[in-house]
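A structural walkthrough
Listed below are the residues making up each chain.
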Amino acid sequence: MDPLSIGSSALSLNQRFEETEEQKPEDAFREVITSCRSLSSYEPNNLKTALPQIFAATTAASFHIVIGISLAFSAILVPQLESEDSDLKLDKEQTSWIASVIVLSVPVGCLIAAILMEWLGRLNTIKLAAIPCVIGWLLIANASNMIELLLGRILTGLGSAIGTSPAIVYITEVARPDLRGSLISSAPTLASLGMVIAYAKGAFMAWRMVAWLTIIYTIVPVIFIHMFVPESPVWLVSKGRIEDAARSLKFLYKNYAQPEHTTQSLADMHLASLQRDQESRFRKNIPKNFSVTSFTIPMQTESYDSSTSKWSGFFRPTGYKPMIMLFFFFLIQQFSGIYITLFYAVTFMQDIGSNVNAYQVSIFVGITRFFMSLSNAWFLKRFKRRPLVMCSGIGMAIVMFVSGTFTKWIKDGTSQQDWVPVACLLLYVCFSMIGLLTIPWTMTAELFPNEIRGIAHSISYSMANILMFIAIQVYRDLSAFLGGAYAIQYFFAGTSIIAFFFALLFLPETHGKKLSEIEDYFRGKRQSSSSNKTTKAKKPTTNRKPKQTLQTVNESEKMMNGAENV
């Protein structure tokens, strides 16, 4: 579970699903005639008009602050529990469970969130997520034994998982297209801010006081959401609540001027478009064997076809090949130490033996992750996936090898350069953020075909969290088995080198690729650039006009209905 990668993943999904298969020219032309989705000419690209949307999106994403605190809390909790003056005595095996158990609740929380989002709405799901979070932090703050701490961590993880997806979906549905990617990225950025808050408070406060204060970070966003933010108009229209959707759209578009040459406001035009889309979806769900004029032989419906293809799709190369590839990709990611250094930030620095204050170093780690998360969406948009992973892997390997070497020298007394492992750890965080931390999560939806994408994404996401749990759980035993802090850093460096060669030899390139091209890769089909040029050259010139029409449709589709894209 990494909210730091959610923004980049959702942004990448936004870009992937906009690259659909080419429609027939006559269908594209008919869609332009029958639909008025293109409202771009009425939406000026300035921030003043989009302020209500920015406010609604960032307020919904503000719950990610407590998610970041939940993730980073073990970094300050574990060393305080293991200190001599702790009022709750736990051994290393018990603290390993407390650090890692939060990850196990993530798949369950994501499943609950998916159900609640469609039943209760996006914002109500975020509000409900605060309930297990508050109960969990109360249990942690008043814990008198390991069981209460474990239960508190499970509940905070469950609430964090439930509150993550609705915020991303809400932002996708209410944000203007040119701001959608930036606003989606605000969610992981706020999660990084939560990590900085956790590390900073842990440097000066006891873990119980941090738990009490985190309840405030949980309740305040819910209060603001309840009082000031309207529900998603896309969800409201899907539930037939047209008047509520109209009020929501009026808030989101209240700063826009009255469009020229029409009596409708921009909010009314968006409402009409959403209603048309909902009606279109309803018509598509009518069974194919329905006939008014005559009796027909029953045929398979779309729902039946889709349900059977979901399971059979995993036995095709486009199903099992990406799943196997993602398993090894996540295995490499977890044992390269990325999440171990997040969950054990303070303990990791203490094990190195540096005289630098470990709590202060953890603050710098959080700040580094925060600023790197701001640039993460730009990296994914600007550069290809494989070079990013290769650069990330080789950079992590170099700095971790240097850090391990100086750690050994410090332990042997042959060096006093305490600052070198600290600098290497910060560089290690920077290199991890540009590739190996984020891209595996992004690919959980990019690599699978449409008929199994939803369930395959859920399975691969759960698989990744199970591997994360194992990595965090075995860190202490693995470090002791290998020979201490310097040896585990060499292990991380070696795993990072494996990541480099894995990307070089096995990882498919998905940046700028259509979903159909990714499927062809796993089928074993390779389409050369020359064949593409030949295909393009053979297209008749009579298709030029419909192609322009299709472009207009695609631009309109990018603007409206972000939910369909995700």
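Calculation notes
The residue numbering used here restarts from 1 in each chain and proceeds along that chain's sequence as written. Local features in this predicted model are restricted to residues whose pLDDT is 70 or higher, and side-chain atom pairs enter the listing and the counts only when it is 80 or higher, whereas totals over whole chains, interfaces and linings include all residues. To obtain the side-chain values, all non-hydrogen atoms of the structure were used and water was disregarded. A run of H or I in DSSP counts as a helix once it spans at least four residues, and a run of E counts as a strand once it spans at least two, with each numbered from the N terminus. Think of it in three bands: residues with accessible area under 20% of the maximum for their type are buried, residues over 50% are exposed, and the middle band is partly exposed, with areas taken using a 1.4 Å probe on protein chains only. The criterion used for residue contact is that any of the two residues' heavy atoms lie within 4.5 Å. To measure how exposed things are, a 1.4 Å probe is used in the Shrake-Rupley method; for residues, cover is taken only from the protein chains shown. The patch calculation keeps residues exceeding 30% relative accessible area without a salt bridge and links them within 9 Å when they carry like charges or within 5 Å when they are nonpolar (Val, Leu, Ile, Met, Phe, Trp, Tyr). Salt bridges, as used here, are contacts in which a Lys or Arg side-chain nitrogen is within 4 Å of a carboxyl oxygen on Asp or Glu. What counts as a ring pair is set by centres within 6.5 Å for rings of Phe, Tyr and Trp (its six-membered ring), and what kind of pair is set by the plane angle: stacked under 30 degrees, edge-to-face over 60, tilted for all other angles. By definition here, charges over rings are those cases where NZ of Lys or CZ of Arg is within 6 Å of the ring centre and within 35 degrees of the ring normal. Put simply, a nonpolar core is a bunch of buried Ala, Val, Leu, Ile, Met, Phe, Trp, Tyr and Cys residues held in one set by side-chain atoms that sit within 4.5 Å of each other. Expected helix span is computed as 1.5 Å times (number of residues minus one). Axes, fitted as lines to C-alpha atoms, cover a helix only where it is in contact. Angles between the N-to-C directions of the axes lie from 0 to 180 degrees. Oblique is the label for any angle not under 35 degrees, not over 145, and not in the 65 to 115 range, which are roughly parallel, roughly antiparallel and roughly perpendicular in turn. Note: crossing handedness is left-handed where the near helix turns anticlockwise from the far helix by less than a right angle, and right-handed where it turns clockwise. Nitrogen and oxygen atoms within 3.5 Å of one another constitute a polar contact, given that in protein one can donate a hydrogen and the other can accept it, and given that sequence-neighbouring residues count only through two side-chain atoms. Under the grouping applied here, Gly and all other residues not named as nonpolar or charged are polar, the nonpolar ones being Ala, Val, Leu, Ile, Met, Phe, Trp, Tyr, Cys and Pro and the charged ones Asp, Glu, Lys and Arg. pLDDT measures how confident the predictor is about each residue, on a scale from 0 to 100. For the purpose of counting charges, residues Lys and Arg are taken to be positive, whereas Asp and Glu are taken to be negative. His and the chain ends are not included.

Right, let's talk about the overall build of the protein for a bit. Scanning the protein from terminus to terminus reveals 27 helices and 0 strands. Every one of the 566 residues in the protein was classed for burial, and the buried ones make up 54%. By sequence separation, contacts in the protein at least 24 residues apart represent 82% of the contacts at least 6 residues apart. As displayed, the protein offers around 25,600 Å² of accessible surface, 63% of which is attributable to carbon and sulfur atoms.

In this section: a nonpolar patch on the surface. A surface patch of nonpolar side chains, amounting to about 700 Å² of accessible area, comprises Phe-55, Ile-216, Ile-219, Val-220, Ile-223, Phe-224, Met-227 and Phe-228. Among the elements that make up the nonpolar patch, the one with the highest residue count is helix α10 (residues 207-228) (7 residues). One can find Phe-55 in helix α3 (residues 47-61).

Counted according to the given criterion, the structure contains 21 aromatic pairs. Linked through ring pairs, Phe-330, Tyr-339, Trp-441 and Tyr-461 together constitute an aromatic cluster. Sitting over the face of the ring of Tyr-486, Lys-408 holds its NZ or CZ atom 5.7 Å from the ring centroid.

Right, let's talk about the nonpolar core for a bit. Formed by 148 residues in total, the largest nonpolar core has its most connected members in Phe-73, Leu-149, Tyr-199 and Phe-343. Of the residues forming this core, the biggest block, 12 residues, is contributed by helix α4 (residues 64-81).

Attention now goes to the pattern of salt bridges. The final tally for this structure, using the stated rule, is 8 salt bridges. Arg-122 is paired through a salt bridge with Glu-118; the nearest N and O atoms lie 3.2 Å apart. Among the residues examined, Arg-122 registers a relative accessible area of 5% and is labelled buried. The salt bridge partner of Lys-408 is Asp-412, with a shortest N-O separation of 3.2 Å. Taken together, the positions of Lys-408 and Asp-412, both in helix α19 (residues 385-412) and 4 residues apart, correspond to about one turn of that helix.

With that out of the way, let us pick up helix α15 (residues 317-335). Helical geometry note: an α-helix holds 3.6 residues per turn, so side chains three or four residues apart project in the same direction. Between its first and last C-alpha, α15 extends 27 Å over 19 residues, near the 27 Å set by a 1.5 Å rise per residue. Thr-318, Gly-319, Pro-322, Met-323, Met-325, Leu-326, Phe-329, Phe-330, Ile-332, Gln-333, Gln-334 and Phe-335 are the residues of α15 that are buried.

Time to look at the environment of Thr-495. By secondary structure assignment, the location of Thr-495 is in helix α23 (residues 485-505). For Thr-495, a relative accessible area of 9% corresponds to the buried category. It is 8.4 Å that separates the C-alpha atoms of Thr-495 and Gly-393, two residues lying 102 residues apart in sequence. Setting aside residues no more than four positions away along its own chain, Thr-495 makes contact with Ile-332, Phe-335 and Ser-336.

This brings us to the environment of Val-420. Locating Val-420 in the fold gives a position in helix α20 (residues 419-433). With a relative accessible area of 8%, Val-420 lands in the buried category. Sequence separation of Val-420 and Ser-354 is 66 residues, and the distance between their C-alpha atoms is 9.3 Å. If we ignore the near neighbours within four places in the chain, the residues touching Val-420 are Val-402 and Phe-406.

Looking now at the packing of helix α9 (residues 177-204) against α10. Packing of α9 against α10 leaves a shortest axis separation of 11 Å and a crossing angle of 150 degrees. As judged from the angle between their axes, α9 and α10 are roughly antiparallel. Here α9 and α10 pass one another in a crossing that is right-handed. Between α9, through Ile-197, Lys-201 and Gly-202, and α10, the contact on the second element is made entirely by Val-210, Leu-213 and Tyr-217.

We now examine the environment of Thr-164. For Thr-164, the position within the fold is in helix α8 (residues 146-174). With relative accessibility at 6%, the residue Thr-164 sits in the buried group. Placed 24 residues apart in sequence, Thr-164 and Pro-188 show a C-alpha to C-alpha distance of 9.6 Å.

Here we come to the side chain of Thr-341. Here Thr-341 lies in helix α16 (residues 338-343). Look at Thr-341 and you get buried, because its relative accessible area is 7%. From its side chain, Thr-341 meets the backbone oxygen of Gly-337 in a polar contact 3.0 Å long. Reaching out from Thr-341, the side chain makes a polar contact with the backbone oxygen of Ile-338 at a distance of 2.9 Å. Apart from the residues lying within four places of it in its own chain, the contact partners of Thr-341 are Phe-348, Leu-425 and Tyr-428.

What follows concerns the packing of α8 against α9. Interhelical geometry of α8 versus α9 gives an angle of 165 degrees and a closest axis separation of 9 Å. Accordingly, the angle class assigned to the pair α8 and α9 is roughly antiparallel. As α8 packs across α9, the resulting crossing turns out to be right-handed. Only Arg-180, Leu-183, Ile-184, Ser-186 and Ala-187 of α9 make contact with α8, whose side of the interface consists of Ile-168, Ile-171 and Thr-172. Split into classes, the residues belonging to the contact of α8 with α9 amount to 5 nonpolar, 2 polar and 1 charged.

Moving on: the confidence of the model for the protein. Model confidence for the protein is summarised by a mean pLDDT of 79, while 78% of its residues fall at 70 or above. Element-level pLDDT for the protein is lowest in helix α27 (residues 562-565), with a mean of 34, against a maximum mean of 96 in helix α7 (residues 122-141). Residue range residues 288-306 is modelled with pLDDT below 50. Its contacts to residues more than four positions away, or to other chains, number 10 contacts. For the stretch residues 527-566, pLDDT sits under 50, and the model shows 51 contacts to residues farther than four places along the chain or on other chains.

With respect to the helices, strands and loops of the structure, Lys-201 is situated in helix α9. Within the buried set, Lys-201 has no salt-bridge partner at all; the shortest N-O distance to an opposite charge, 19 Å, is to Asp-87. Ignoring anything within four residues of it in the chain, the contact list for Lys-201 reads Val-210, Leu-213 and Tyr-217.

Most of helix α17 (residues 345-352) sits inside the fold, with 6 of its 8 residues counted as buried. Taken residue by residue, α17 has Ala-345, Val-346, Thr-347, Phe-348, Met-349 and Ile-352 as its buried positions.

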